[in-house]
Amino acid sequence: MTSSETQPRFGQSVKGLLSDKVTSCSGDVIALTRQVLKGSRSQELLSQAARNMVIQEDTILHSEDSLRKMSIITTHLQYQQEAIQKNVEHSKNLQDQLRHLMK
């Protein structure tokens, strides 16, 4: 073999190796790009989840406040119901006294 015959083979094998390396690096770049895009999407989803959690927390606080107010209203209505019942009993007593006086 002469050196002129080995040169093309060596050049071809280097070109083949370089081509393989370029292909491999291209695949790695594509995989890295996909991973970055997944990470970006994950960040978007986390941000959306955080926003939803804040909205839900505000809704829960508002609901808790409404329940407190409803509890106060319920207590007032119970007091009013008791007062009405006392007045009904009192009016029955007055009606009985009035009937007794009319006899």
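Up top is the structure.
Residues numbered from 1 in each chain as written. Predicted model: local features only at pLDDT ≥ 70, side-chain atom pairs only at ≥ 80, totals over all residues. Heavy atoms only, no water.

1. So, the overall build of the protein
And then number 1: Counting its regular elements, the protein contains one helix and zero strands.
And then number 2: Out of the 103 residues in the protein, the part that is buried amounts to 0%. (Helix = DSSP H or I, 4+ residues; strand = E, 2+ residues; numbered from the N terminus. Buried < 20%, exposed > 50% of the residue type's maximum accessible area, 1.4 Å probe, protein only.)

2. Thoughts on the pattern of salt bridges
And then number 1: Across all of its chains, the model carries five salt bridges by this definition.
And then number 2: Note that D65 is salt-bridged to R68, the shortest N-O span being 3.8 Å. Placement of both D65 and R68 in helix α1 (residues 3–102) is noted, with a separation of three residues, approximately one turn of the helix.
And then number 3: For R68, a relative accessible area of 47% gives the class partly exposed.
And then number 4: The salt bridge partner of R99 is D96, with a shortest N-O separation of 3.1 Å. (Salt bridge = Lys/Arg side-chain N within 4 Å of Asp/Glu carboxyl O.)

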